[in-house]
Amino acid sequence: MKISNMAIKNIKGNLYRYIMYYLSNSFAVTAFFIFANFVFHPSIDAKSMDGHEIAKMGATNGMVISQVIIVIFSIFFVGYSTSIFLKSRGKEFGLLSLYGMTRGQIKKYVLIENTIISIMSIFTGILTGAIFSKLFFMIMEGFLEIKLPFNISIKAIGLTSLIFFALFEIVNIVMLFKIKNKEIIEQLRSSNIPKTIPKFSKAKSILGVSLILIGYIVAWFVESVLVPLAMIPVTITVIIGTYFLFTQFSIAVANRILKSQEMFYKKTNMVAYSQMIFKLQDTAKVLFLASILGAITFTATGTIYSFFTESPRLTGLNTPQEMAIVQRGEELNDDEVVENIENILEKNNVKIIETHSIKGAEIERVVGEEKTEERFFIISNSDYNRLAKPLGRKELKIKAGEVIYNYPYNYELSTEEVSEEDRQTNWNEIGLNIGGETKKFKLDREIHGGVMALPNVGYFDALVLNDVDFENTLEKINQEDLIIYSGINIDNWKDSYEATMEIQDDLGDKYSGSYYSKILAYKGVRKVYGLILFIGFFIAFLFFIASGSIIYFKLFNEIKQDEVEYNILKKIGTTEKEINKIITKQIGIIFFLPFIVSTLHSFFALKSLSNLLMGSLFKNGLIVMLGYLVFQMIYFTIIRSIYINRIKYN
């Protein structure tokens, strides 16, 4: 029989061992091909597209980066999976040697076997990718607002085939060097050598737990700009701690359970836990890898999802009014502009809650005798209070000759008070150019959080003046510095898109930059963050599948030994129900232990990111983790079912 025929027969006879490896490889190829097919789509051409340039560039770059991530991920994944396969096949290689095969022929046999799996993965991946490309294009059409007719790119097929075939073959050839030149008898006995009770180092166990606790404490308490600085050291500390947690501490805990008579001699625990300690020893590195992979997946997904949900706040969309317009210069006399806006809103069934129109002005700051480029929007104390009251903000009372500086953003949402270190001003007295004369005002205090949507209509810093000072200022300044600000609060602003577009057309170019509607900015932000969220979920799901697949490989590569042990249990009278319980406990621990550790790591990572972003990401992180838990439970149920059936079949 030819070596190639032997390889094909072996794959057919042991399909269960290859199925997850094959499916995971196919999934990576699918993901890569979908992104490549998008990048090579004829409509993704900057010269011919109608969509926003930044969105197009961002989408294309995002796809290319995603492809690079998938290839890097595939190198590690394929390498690790192949390594597990080879380690578990010592007895098989020993038998082949016994029948006269040389080490070179065994390597050729393994290479042919892996090449067949690789070609099947590439073919399946491209075929699946082609089928799902239409769905992918439909989603991208929604984000980019362009037409993407169904298309299969020959370039994408060629690139995907070339990259993955080369990748699989290079990794396979490298892994072949791990087939060592052992004696035949040594290879045949490799799976029959009795295992000794695993030992652990008390010092390394304590070190592992300590490192994780140190990482958690730093992640919890570090704040603002220190978060990026602490990120790498904390990550390395926690990774090292996790390694010792699985390779040392888990063995220590299992040893402790074995010595606990109350727990050990309860029902089938004796069998389940005495085997468990060996499984923990054998799978420690796999569990460590799955935990780190899971933590990266949960944290990345939770962060991206949080950015998506928090995007209105982070991008300054939480404006006091949903619509705003400023009039200055010739438009000051346009008395009907606000009335027209209200009429269009009513015509489109958008309910108006209230409209505020106030007078203001833009004034230059003077330092010494020199005018500066720093300009402030000034309003009266009364108008500020009128705008602040419906927002639940504190009302102000300003003395003559004093001002209150109003910074438009408030990162500390719980209070308007400003600490000394958070101050935006570096002055306690300010000179303002009022009609060519400099008038000085004393700074009463600084407050954060605007009562108008000033940054959205071309202004930023605001000063609140005593009413008398404000009226005196308006009398002296030039007419072109006068401004009328109108802010409109509406109900269900997310339904105001049609009305907003009609208002924009009605206002024309003369109000360009002076008109703001939250729905327009919201749609732009959601489009960008939605695209990032979609790509992020796609990659994270790939990581999640890989994490589960690695555990699957490890379990099913040792199933032969497990079958022997369970058959012995049957012979001594253990029922099928009891064996199923033992299997469920053992697989459950292997599956959910890394999930719990990943979740804990992600929880503290999200706390650290919350400190950086000055907001809580826990709620979104919890939603993401619950979603993954559902997938994990489904995956566990399927694997448990396959595993039990396999044991029964034999």
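Above this text you will find the structure in question.
Remember, it's a predicted structure, so these values are computed and weren't measured experimentally. (Residues numbered from 1 in each chain as written. Predicted model: local features only at pLDDT ≥ 70, side-chain atom pairs only at ≥ 80, totals over all residues. Heavy atoms only, no water.)

**Student:** Give me the lowdown on the overall build of the protein chain, citing residues and values where you can.
**Tutor:** Per the secondary structure count, the protein chain includes 19 helices and 9 strands. Within the protein chain, buried positions represent 51% of all 650 residues. Just so you have it, the protein chain exposes about 32,900 Å², and 60% of that area is on carbon and sulfur atoms. (Helix = DSSP H or I, 4+ residues; strand = E, 2+ residues; numbered from the N terminus. Buried < 20%, exposed > 50% of the residue type's maximum accessible area, 1.4 Å probe, protein only. Areas by Shrake-Rupley, 256 points an atom, 1.4 Å probe, with all protein chains shown as cover.)

**Student:** Can you break down the pairing of strand S3 (residues 370-380) residue by residue, with the values?
**Tutor:** Alignment of strand S2 (residues 352-367) against S3, held across 6 bridges, turns out to be antiparallel. Residue Ile363 lies in a different strand from S3, and its bridge partner there is Phe376. Hairpin connection between S2 and S3: a loop of 2 residues separates the two successive antiparallel strands, and Gly368 in this loop has a positive phi of roughly 70 degrees. One ladder, built from 4 bridges, connects S3 with strand S7 (residues 462-465); its direction is parallel. Bridging from a neighbouring strand, Ile379 pairs with Val464 of S7. (Pairing = 2+ DSSP bridges.)

**Student:** Describe unusual backbone geometry, with residues and values.
**Tutor:** Here Asn349, not a glycine, exhibits a phi torsion of approximately 60 degrees, which is positive. Tracing the sequence through the fold places Asn349 in the loop between helix H12 (337-347) and S2. A residue is classified by how much of its surface remains accessible, and Asn349, at 72% relative accessible area, is exposed. Backbone geometry places Asn492, a non-glycine residue, at a positive phi of 50 degrees. Summarising the element assignment, Asn492 is placed in the loop between strand S8 (482-490) and helix H15 (497-507).

**Student:** Describe the pairing of strand S1 (residues 323-327), and please don't skip the residues or the numbers.
**Tutor:** For S1, the buried fraction is high: 5 of the 5 residues fall into the buried class. Residues Met323, Ile325 and Gln327 point to one face of S1 and Ala324 and Val326 to the other, with burial holding for every one of them. Strand direction decides the pairing type here: S1 and S8, joined by 5 bridges, are antiparallel. Its bridge partner lying in S8, Gln327 is registered against Ile484.

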